Structures are given as C-alpha cells and as structure tokens.
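# Fold and contact review
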Amino acid sequence: MSVVPGDDPRDPSAEAKVTLPEKWQVDSLDALSSSMMFVSGLIMVTRNRFLAWPSLLLSINSVINQHPLRSKEGGQSNISVIMIGVAALVASYLPLILIGPATAPSSS
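Predicted model only: the values in this text are computed from it and were never measured.

The rules we used
- Residues numbered from 1 in each chain as written.
- Predicted model: local features only at pLDDT ≥ 70, side-chain atom pairs only at ≥ 80, totals over all residues.
- Heavy atoms only, no water.
- Phe/Tyr/Trp six-rings, centres within 6.5 Å; stacked < 30°, edge-to-face > 60°.
- Helix = DSSP H or I, 4+ residues; strand = E, 2+ residues; numbered from the N terminus.
- Buried < 20%, exposed > 50% of the residue type's maximum accessible area, 1.4 Å probe, protein only.
- Lys NZ or Arg CZ within 6 Å of the ring centre and 35° of its normal.
- Polar contact = N/O pair within 3.5 Å; in protein donor to acceptor, adjacent residues only side chain to side chain.
- Contact = heavy atoms within 4.5 Å.
- Patch = residues over 30% accessible without salt bridge, like charges linked within 9 Å, V, L, I, M, F, W, Y side chains within 5 Å.
- Areas by Shrake-Rupley, 256 points an atom, 1.4 Å probe, with all protein chains shown as cover.
- Salt bridge = Lys/Arg side-chain N within 4 Å of Asp/Glu carboxyl O.
- Axes fitted to C-alpha atoms, helices over the stretch in contact; angles between N-to-C directions.
- Parallel < 35°, antiparallel > 145°, perpendicular 65-115°, else oblique.
- Left-handed = near helix turned anticlockwise from the far one by under 90°.
- Nonpolar A, V, L, I, M, F, W, Y, C, P; charged D, E, K, R; others polar.

This part is about the packing of aromatic side chains. Taken as a whole, this structure holds 1 aromatic pair when the rule is applied. An angle of 65° between the planes, with centres 6.4 Å apart, marks the rings of Trp-53 and Tyr-93 as edge-to-face. Here the residue Trp-53 occupies a position in helix α2 (residues 49-64), and Tyr-93 occupies one in helix α3 (residues 78-98), the gap between them amounting to 40 residues. Classification of Tyr-93 by relative accessible area gives partly exposed; the value is 30%. In this structure, Arg-49 is placed above the aromatic ring of Tyr-93, and the distance from its NZ or CZ to the ring centre is 6.0 Å.

If you want it as structure tokens, here you go:
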C-alpha cells in the first residue's frame, strides 16, 4: 500500500488553528413571551377584561419580535403564545355571555 506524501491525517503540518466564531448563538429566554403567558393565565383567573386586550396585542408582538434562530429546542411555540392570549380574552368575556342579566320574578 503506497501513501501519498502529505495525505497522512496525523501529519502535524496539516493542523489548522482553532478559530471561534465572531458571534455565538445565545440561548436567551424570551422574556416578553414568558411574561405574556403569565399575564394571560392571571387574566383567566381574575377575569379582568381591561388587561385581556393589551395581553393579546403583546402576545402578537412577542411572536412578531421572536428570533427563531435563537430560540431553544422544545421552547414555547408561536401558536401557543397567541392561543393563550385568545383564551384569556375569551375567558374574560365568557361570564358576560353565559350569565345573562338577572330577570325579576313576575308575581301573578
């Protein structure tokens, strides 16, 4: 078996210096998305209609401003943040729809 000179992978002259990339990928936590999930859950519990609309708008804003290349594997998906905002809005207005105005008993 013949070996071509310079083709040996163990040759120290073929080593390359390790260079780090200019910018590392940051596994940053998306604080706006996480806080909107918390606020939406709080709205569902307290049924505060005044915070439901800003929560929905901020959840849409967090999806628009999300960096997909910096998101963690298995993290919060875009659709879950918007769906929980919509669910908070529905949960805050649901008592107005289901529980109608009280009717006075008629005496006959």
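Okay, back to it.
Turning to the side chain of Ser-59, a few remarks are in order. Within the secondary structure, Ser-59 sits in helix α2. Looking at Ser-59, its side chain comes within polar contact range of the main-chain oxygen of Leu-56, at 2.7 Å. Look past the residues within four positions of Ser-59 in its chain and what remains in contact with it is Met-36, Val-81, Ile-82 and Gly-85.

Below, the discussion takes up a nonpolar patch on the surface. Side chains of Val-86, Val-90, Leu-94, Leu-96, Ile-97, Leu-98 and Ile-99 sit close together on the surface and give an oily, nonpolar patch of about 690 Å² of accessible area. Relative to the helices and strands, Ile-97 resides in helix α3. In this structure Ile-97 comes out as exposed when scored by relative accessible area, which is 64%.

With that out of the way, let us pick up unusual backbone geometry. Phi at Arg-47 is positive, roughly 55°, even though this residue is not glycine. Position of Arg-47 relative to the elements: it lies in the loop between α1 (31-46) and α2.

Moving on: the packing of α1 against α3. One can describe the packing of α1 onto α3 by two numbers: an axis separation of 8 Å at closest approach and a directional angle of 20°. The angle between the axes of α1 and α3 places the two elements in the roughly parallel class. Seen along the crossing, α1 lies across α3 with a hand that is left-handed. Note on element contacts: α3 touches α1 through Ser-80, Val-81, Ile-84, Gly-85, Ala-87, Ala-88, Ala-91 and Ser-92, opposite Ser-33, Met-37, Ser-40, Ile-43 and Met-44. Grouping the constituent residues of the contact of α1 with α3 by class yields 8 nonpolar, 5 polar and no charged.

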